[in-house]
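# Descriptive analysis of the structure
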Amino acid sequence: MIQQWDAQTYDAPRRRLVPCFEDFYGTAAELVARIAPSHPRLLELGCGTGLLSEQVVRRVQPGRLVLLDGSTDMLAVASQRLAAWSPETVAADFAGELPAGPFDVIMSSLAIHHLEDDAKQRLFARVFTRLAPGGLFVNAEQVLHPTQDGQKLFEQVHLGAAQALGSSDAEIDAAVERMRADRCATTEAQCGWLEAAGFQHVAVYYQWFRFAVLAGVKLPKRDVNELDSCPLMPGGYQ
Ligand SMILES: C[S@@+](CC[C@H](N)C(=O)[O-])C[C@H]1O[C@@H](n2cnc3c(N)ncnc32)[C@H](O)[C@@H]1O
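Under the annotation held in an unreviewed UniProt entry, the protein chain carries the name Class I SAM-dependent methyltransferase and is attributed to Actomonas aquatica.

See the structure below:
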C-alpha cells in the first residue's frame, strides 16, 4: 500500500488540486442522500482525512459510520473531523478483507485507483457481497481517458485549473510526482467491472475531465408476488 500523504497538510490544497471539488464530492453525497435508506450504515474505503464522509453526513444521519484507511495518521484526522458521528475506524488494506457488513452504502474517493486493475475488480466483487440488498456503491475517482490525446487533455485541463486556483509550481510538481504511482482505469472499463460484479443502474453520474463519479446499486432479489421497491425509481418497479 502506498503512503504518500502527510495527514496534517493534506486538506489545505485539496480545493486547488481537485478543481471540481464541490460537484465531485457533492454528486457522491447527492447519490447517497437520494438512494440510501434513513440512518444508513456507511463504509468509506480509503477515507483519508474524511472529506467524502463529511459531505455525506451533512446530507444523511448515519446509523453506522465505518472509516477504513491504510494510514493511521489519516484515520486520526478523519476520526477527529467526524467525531460527532462516532465513527468506527479500521486501519486496513482495502485490497484485503472488508469489514463485516451489511452496509447500505459503500463509498470511496480518489483511493481505488491505487490498485491494479485486477485488484479493483476483486474489490468491486467484495464490495457487492458487503452491501445489503438495495445498497449503493459510489466511487468518486480519478479516471483514465481511453486515448492518449484525450489523456493529455485531461492532464492539461486539470493542472491548468489547479494553477489558476493558486497552486504553486512546487505543489503541482508534487501532485504530478504522486500521480505517477496511480493506476487509473477508464470509466468504460470500470462500469463493465461493476456490472460484472453484479451491480445495476451502473453509470457515470458526474465527470469533469479526469474526475468522475461512478455508482451502481445492488438490487434486491425480486419476489414476483411482492412489489419490491427499487432505490432509483420512486414507487418501485411498476
Ligand atoms: C488521495 S487519498 C484520498 C483520501 C480521501 N478519500 C479524499 O478524497 O480526500 C488516498 C487515501 O487512500 C488510502 N489508501 C490508498 N491505498 C489504500 C489501500 N490499498 N488500502 C487502504 N487505504 C488505502 C491512503 O492511505 C489515502 O488516505
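## Focus: helix H4 (residues 72–81)
Since one α-helical turn is 3.6 residues long, residues separated by three or four positions face the same way. Those residues of H4 lying buried are Met-74, Leu-75, Val-77 and Ala-78. For H4, the arc enclosing every buried residue in end-on projection is 165 degrees, short of the 170-degree limit, so these residues lie on one face. Among the exposed residues of H4, those pointing more than 90 degrees away from its buried face are Thr-72 and Gln-80.

## Describing the nonpolar core
One recurring pattern in soluble globular proteins is that nonpolar side chains are buried together. With 60 residues, the main nonpolar core has Ala-28, Val-32 and Val-138 as its most contacted residues. Contacts of Ala-28, omitting those with residues within four sequence positions, involve Leu-52, Gln-55, Met-107, Ser-109, Val-138, Ala-140 and Val-213.

## Overview of the site of the ligand
Neighbouring the ligand are 19 residues; Gly-46, Gly-48, Gly-70, Ser-109 and Ala-111 lie closest to it. Taken together, the residues of the shell around the ligand break down into eleven nonpolar, six polar and two charged.

## Things to note about the packing of helix H5 (residues 117–130) against helix H8 (residues 187–197)
At a minimum axis distance of 9 Å, the contact between H5 and H8 shows a crossing angle of 40 degrees. In this view, H5 runs oblique relative to H8, as classed from their interaxial angle. Handedness of the H5/H8 crossing: right-handed. Every residue of H8 that contacts H5 at Lys-120, Gln-121, Phe-124, Ala-125 and Phe-128 is listed here: Trp-193, Leu-194 and Ala-197.

## Describing unusual backbone geometry
Residue Gly-101 is joined to Pro-102 through a cis peptide bond whose omega torsion reads 0 degrees. One can find Pro-102 in the loop between strand E3 (88–91) and strand E4 (103–109). Phi at Leu-110 is positive, roughly 55 degrees, even though this residue is not glycine. With respect to the helices and strands, Leu-110 occurs in the loop between E4 and H5. Judged by the 21 C-beta atoms lying within 10 Å of it, Leu-110 is buried.

Reading guide: rules and limits
Residues numbered from 1 in each chain as written. Predicted model: local features only at pLDDT ≥ 70, side-chain atom pairs only at ≥ 80, totals over all residues. Buried ≥ 20, exposed ≤ 12 C-beta atoms within 10 Å, placed from the backbone. Helix = DSSP H or I, 4+ residues; strand = E, 2+ residues; numbered from the N terminus. Arc of directions from axis to C-beta. Core = buried A, V, L, I, M, F, W, Y, C linked by C-beta atoms within 7 Å. Contact = placed C-beta atoms within 7 Å. Near = placed C-beta within 6 Å. Nonpolar A, V, L, I, M, F, W, Y, C, P; charged D, E, K, R; others polar. Axes fitted to C-alpha atoms, helices over the stretch in contact; angles between N-to-C directions. Parallel < 35°, antiparallel > 145°, perpendicular 65-115°, else oblique. Left-handed = near helix turned anticlockwise from the far one by under 90°.

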